[in-house]
There are 2 protein chains.
Amino acid sequence: MRKIAVVDVFFSPEHLETIRQTAQRCGFAVDFYTDGVLPVQRAGEYEIMYGRCPADTLRQAAALKWFCCSFAGADDYLSDDVYPHPGVLLTNSSGAYGPTIAEHIIMVTLMLLRQMPYFQEVVRQKKWLRSGSMRSISGSSITVVGTGDIGTNFARRAKAMDARIIRGVRRSQKPCPPHFDEVYTTDQLDEILPKTEILVLALPSTRETVGILSRERIALLPEDAIVVNVGRGTAVDQDALMEALNSGRIAGAALDVVVPEPLPPEHPLWDTKNLLLTTHISGNFSLGITRDLDVKLFCEDLENYTAGRPLERLVDRKLGY
Amino acid sequence: MRKIAVVDVFFSPEHLETIRQTAQRCGFAVDFYTDGVLPVQRAGEYEIMYGRCPADTLRQAAALKWFCCSFAGADDYLSDDVYPHPGVLLTNSSGAYGPTIAEHIIMVTLMLLRQMPYFQEVVRQKKWLRSGSMRSISGSSITVVGTGDIGTNFARRAKAMDARIIRGVRRSQKPCPPHFDEVYTTDQLDEILPKTEILVLALPSTRETVGILSRERIALLPEDAIVVNVGRGTAVDQDALMEALNSGRIAGAALDVVVPEPLPPEHPLWDTKNLLLTTHISGNFSLGITRDLDVKLFCEDLENYTAGRPLERLVDRKLGY
């Protein structure tokens, strides 16, 4: 019988039951590895794998036709070297992370605009100080680079918080996605950076996105600009950003992704001024809604796969998303 | 000529011009005290005062008919003792603070749900730790006590972030205000507290709101509940809340208002577990939108006053709001 390996630690009994029933309907048997470990010697049994899988295991999966990774950033799975043969289909779970990462962006943006790290330090020192200037999402000018699931979820929330204008930036010119006021292509970025108060990067790591926020582009941002990155650390010229923050050239930044990860203890990012650093937690898997969506999206594509329809979340391994 | 004293430090040149023109149209001369100090010996000249004024000055204002305070919580101005005669009208600037305080509530709610104080401590120790459970506004059950400007502004934003249900609680049964799913009166609070994950208090300090979140009511909250207070510290049984937080009986709290203010350095609140304490900054005046609204609301009521219409933001000094 055709077989699926499900390899991850986050599943509830309901999730397992949903996957089992969908697989049955599609003519597959399922083995669950809910400790997150698939023994290498069993890798050859599976036509489909869903979850987290080291490359060493994937390479041994001689019968593999489709790998669905249970997270959004599939950059570790783009190379042909990862697979037993080049024809393996790769899908990701982009679509499951929009709500949680959008909430992270709203939170850190407000923390920067409202000087929360300063006021937290005041309280740590048991001082009752109240003065300090604040700004607002209300009335602000926002640019979101990356108009996928995460960018769109954030734009919807920022609009409801009365942002003045939300510009989306993406690779190709297509109709304006919902919740954005205007849409631009990447080569127009230099025009809109000087008008941007809140710059959000929500991009996969691809040949085109590496270094997209270059030293030259950081120099185009106004003094009151803040930068939020939730995609991949490679999108930013990190040295140039640290200089801009330490010198006060821009107002602040929130980085949830950096280079390298994990960040070594001696790295200067830890001590950079006006930087709200987090440890790649914005897509935290503990949100029920994220886990539920992840399972739902896999099951949808399993039905597509069985029916011979195109997979919804297929990653173009050359483009990188 | 009839005269107005404008006494506060936040006005821009445009604000002063707007007030001057409105006053002229209404037949008033205006004196501006933009250092925030009105000399007591001049207090007797004014029929109207707008801004911040100590009671000592107000009491000397023998000709005063209307005092418009430039903030929302007018609890220091309720007593007859504050005024030269009991007939002085009091208005507040509720309506100017909704956007900024709603952003504060969204921020601290997300910080508590997403364990941000823990993750900030991780980064302070230069550790790259990623695990920790998180929750979301998306799908949550919210109760907002106080459905005025602040509560309504928050409810609108929380709804856009996909809260599952937002209940409003207020003094009297009236039609459901916008952005709330259901509305209850205060005496129904005990029924809905056990179903509340996020409890927001946005109340003025009045006889009816003092102690509204009593020890008994805190005991009705579920273990995963968080409490956010942005109104007045008097609304909460602070000792009972500290006990509930220190023992882990509820998940967390964010207090922007406490008793007493300023909080003395030896007070146990500073060291309470799972408490995100801020120093009464949620209504921070530095937001342009707050200042603009404040001036606009005063000018509207100045037109009302001159035309003999009721004042829009009149405070019932017995009720307290």
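Residues numbered from 1 in each chain as written. Chains lettered and ligands numbered in written order. Predicted model: local features only at pLDDT ≥ 70, side-chain atom pairs only at ≥ 80, totals over all residues. Heavy atoms only, no water.

A. Seen up close, the pattern of salt bridges. Residues and elements named next belong to chain A. This structure, assessed with the given rule, holds 46 salt bridges over all chains. With its nearest N and O atoms 2.7 Å apart, the salt bridge here joins Arg-317 to Asp-80. Placement of the pair is Arg-317 in the segment after α9 (288-307) and Asp-80 in the loop between β4 (66-69) and β5 (89-91), with a sequence separation of 237 residues. Overall, the relative accessible area of 16% leaves Arg-317 in the buried class. (Salt bridge = Lys/Arg side-chain N within 4 Å of Asp/Glu carboxyl O. Helix = DSSP H or I, 4+ residues; strand = E, 2+ residues; numbered from the N terminus. Buried < 20%, exposed > 50% of the residue type's maximum accessible area, 1.4 Å probe, protein only.)

B. Structural context of the relation of the copies chain A and chain B. Once chain A has been moved 0.0 Å along the axis and rotated by 180°, it coincides with chain B to within an RMSD of 0.0 Å. Look at the turn and shift together and you get a two-fold axis relating the two. Proximity to the rotation axis, assessed at the C-alpha, singles out Met-107 of chain A in chain A; its C-alpha lies 2.6 Å from the axis. The fraction of interface residues of chain A whose copies in chain B are also interface residues reaches 100%, indicating that both copies meet through the same surface. (Least-squares fit on C-alpha atoms with pLDDT ≥ 70 in both. Contact = heavy atoms within 4.5 Å.)

C. Structural detail: the environment of Ala-225 of chain A. Residue and element names in this part refer to chain A. With respect to the element layout, Ala-225 can be found in the loop between α7 (215-220) and β10 (226-229). A C-alpha to C-alpha distance of 19 Å links Ala-225 and Phe-180, two positions 45 residues apart in sequence. Apart from residues no more than four positions distant in its own chain, Ala-225 is found in contact with Thr-196, Glu-197, Ile-250, Ala-251 and Gly-252.

D. Fine view of the interface of chain A and chain B. Of the residues lining the interface, 49 residues belong to chain A; the matching set on chain B comes to 49 residues. Across the chain A to chain B interface the summed buried area is about 4,700 Å²; carbon plus sulfur atoms make up 62%. Scanning the region where chain A abuts chain B turns up 6 salt bridges. Two residues, Arg-157 of chain A and Asp-162 of chain B, come together in a salt bridge whose shortest N-O distance is 3.7 Å. (Buried area = accessible area lost by both parts, 1.4 Å probe.)

E. Geometry of the sheet that holds strand β9 (residues 198-201) of chain A. All names here are of chain A. Spatially, β8-β7-β6-β9-β10-β11-β12 is the arrangement adopted by the 7 strands of the open sheet, whose pairing is parallel. Bordering the open sheet on either side are β8 (182-185) and β12 (275-277), each of which pairs with just one other strand. Strand-to-strand twist in this sheet, taken as the mean axis angle between neighbours without regard to direction, amounts to 15°. Both strand β6 (residues 141-145) and strand β7 (residues 165-170) contribute to a ladder of 5 bridges, which runs parallel. Residue pairing for β7: Ser-141 is matched across the bridge by Ile-165. (Pairing = 2+ DSSP bridges. Axes fitted to C-alpha atoms, helices over the stretch in contact; angles between N-to-C directions.)

F. Local environment of the state of the cysteines. By the definition in use, this model includes 0 disulfides over all chains. The structure places no disulfide on Cys-68 of chain A, whose sulfur is separated from the nearest cysteine sulfur, that of Cys-69 of chain A, by 6.6 Å. (Disulfide = S-S within 2.5 Å.)

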